Amino acid sequence: MRKQLSQKQYSALSSKITRISNKIDVVSSELNNAFLEKSVEIESLIIGVIANENVCLVGPAGEGKSGLAEAFTSLIGGSNCFKYQVNAYTQPDNVFGTESLKELVNNDRKILKTGNMAPEADIVYLDECFKANNSMMNALLLLLNEREVDIGEGQRVKTNNRMVIGSSNEYPEDDDLKAFWDRWVIRCHVAAPKKDSSFVDLFSKYGDGSIGVVDVKNGMKLTEIDTMRSSVDHVDLSLLKDVIIQLRFELMKNGITLSTRRWVKLFKIIAAVSIRK
């Protein structure tokens, strides 16, 4: 059951959300000034962190995927980010942590030490995420879907993650990647700027050293994002019921069927977009 707010509580929350949303607009403007023709990708990252969902940036090398992800995290003050460039040899302990020798010696238990690793991070960024081997992908599924990690001895613990960002130069084509790809609910194609005016801006920003550079003074606090996220459950989507049903019908008519898990996540994303706007 979702908790109903009184009119007084709703008014106070609405006022607070408006103030925070204005700060998010400043963050968005800062990123759009630094990364040309990336407004969709930037808004997707913002919605992702509000909804605590996974965002995947896919596109050719050299188009600012990692730069954008790092600039975005730098503008969320108070957050810590775990970044790792994945390859075919990456093992779960490279991301989740290694076994604690102290636990093994003193208690005869194989328990992971997760300090300074992905489970303890507010934001996780996995570069070239689709290069992961099967063992690594299977280990990541729990983190991506449940925000949990298996630390050993049958123990699952919640992570601190507010969102997970992935990036790749290529789209996944192997059938083995289907389950992994399905966990990335928000997906963006990152391409080169197309407008002539953007190329002129690129030249100018290169000259003054501002391309891909953001001022962290124009950032915001992670706790403010947390306030936005806690409000998502209070969004009433009932007015969109007919629209969503029609959307499902149109998708099915075109041979596109979404899993129940994806629909539930989409409902949360729609609520996050409502809060953001």
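Let me sum up the structure you'll find in this document. For clarity, every value in this text was computed on a predicted model and none was experimentally measured.

**Brief notes about the pairing of strand β9 (residues 163-168)**
Then, number 1: Where burial is concerned, most of β9 is hidden: six out of the six residues are buried.
Then, number 2: A two-sided burial pattern is seen for β9, the buried positions comprising M163, I165 and S167 on one face and V164, G166 and S168 on the other.
Then, number 3: Bridge analysis of strand β1 (residues 54-58) against β9 gives five bridges, and the strand direction is parallel. Counterpart to V55 in the pairing with β9 is I165.
Then, number 4: One ladder, built from five bridges, connects strand β6 (residues 123-127) with β9; its direction is parallel. Bridge pairing links Y125 to I165 in β9.

**Observations regarding the packing of aromatic side chains**
Then, number 1: Using the criterion set out here, one finds six aromatic pairs in the structure.
Then, number 2: Where F130 meets F180, the ring centres are 5.9 Å apart and the plane angle is 90°; that geometry is what we call edge-to-face. Here F130, found in the loop between β6 and α6 (134-146), pairs with F180, found in helix α7 (residues 178-182); they are 50 residues apart in sequence, far enough to count as distant. Taken individually, F130 and F180 each receive the classification buried, so the pair is uniform in this respect.
Then, number 3: Taken together, the aromatic side chains of F130, Y171, F180, W181 and W184 make up a single cluster linked through ring pairs.
Then, number 4: Its end group placed over the ring of W181, R187 keeps NZ or CZ at 3.9 Å from the ring centre.

**A short note on the pattern of salt bridges**
When the charged atoms of two side chains with opposite charge come close together, those side chains can pair.
Then, number 1: If you walk through the whole model with that rule in mind, you get 17 salt bridges.
Then, number 2: Two residues, K23 and E224, come together in a salt bridge whose shortest N-O distance is 2.5 Å. Placement of K23 in helix α1 (residues 7-34) and of E224 in helix α9 (residues 222-231) is noted, with a sequence separation of 201 residues between them.
Then, number 3: Given the relative accessible area of 13%, E224 is considered buried.
Then, number 4: Residues E103 and R109 are paired through a salt bridge, measuring 3.3 Å at the closest nitrogen-oxygen approach.

**Looking at the pairing of strand β10 (residues 186-189)**
Then, number 1: Residues of β10 alternate between two faces, with I186 and C188 buried on one and R187 and H189 left unburied on the opposite face.
Then, number 2: The sheet contact formed by β1 and β10 spans four bridges and is parallel. Bridging across to β10, V58 finds its partner in H189.

**A look at the packing of helix α10 (residues 241-253) against helix α11 (residues 260-276)**
Then, number 1: Viewed as axis vectors pointing N to C, α10 and α11 meet at an angle of 135°, and their least axial separation amounts to 13 Å. Comparing their axes, α11 and α10 come out oblique. The way α10 lies across α11 gives a crossing that is right-handed. On α11, the residues that touch I244, L247, R248 and L251 of α10 are W263, F267 and I270.
Then, number 2: A class-by-class count of the residues in the contact of α10 with α11 yields six nonpolar, no polar and one charged.

Calculation notes
Every chain begins its residue count from 1, and numbering advances along the sequence as written. Predicted model: local features are reported for residues with pLDDT of at least 70 only, side-chain atom pairs are reported and counted for 80 or more only, and whole-chain, interface and lining totals are derived from all residues. To get the side-chain values, take all heavy atoms of the structure and skip hydrogens and water. The rule is simple: take the accessible area with a 1.4 Å probe, protein chains only, and divide by the maximum for that residue type; under 20% is buried, over 50% is exposed, in between is partly exposed. Labels follow the DSSP assignment, with helices taken as runs of H or I lasting at least four residues and strands as runs of E lasting at least two, numbered in each case from the N terminus. Two strands qualify as a pair provided DSSP detects at least 2 bridges between them. Each aromatic pair joins two rings of Phe, Tyr and Trp (for Trp, the six-membered one) with centres within 6.5 Å, and gets the label stacked for planes under 30 degrees apart, edge-to-face for over 60, and tilted for any other angle. Two thresholds decide whether a charge sits over a ring: the Lys NZ or Arg CZ must be within 6 Å of the ring centre and within 35 degrees of the ring normal. Every case where a carboxyl oxygen of Asp or Glu lies within 4 Å of a side-chain nitrogen of Lys or Arg is listed as a salt bridge. Between the N-to-C directions of two axes lies an angle of 0 to 180 degrees, each axis being a line fitted to C-alpha atoms and, for a helix, fitted only over the stretch in contact. Each angle receives one of four descriptions, namely roughly parallel if under 35 degrees, roughly antiparallel if over 145, roughly perpendicular if within 65 to 115, and oblique otherwise. A clockwise turn of the near helix away from the far one marks a right-handed crossing, whereas an anticlockwise turn of less than a right angle marks a left-handed crossing. Contacts were defined at the residue level, with two residues in contact if any of their heavy atoms lie within 4.5 Å. Think of it as three bins: nonpolar holds Ala, Val, Leu, Ile, Met, Phe, Trp, Tyr, Cys and Pro, charged holds Asp, Glu, Lys and Arg, and polar takes everything else, Gly as well.

This is a description of form; function is not addressed.
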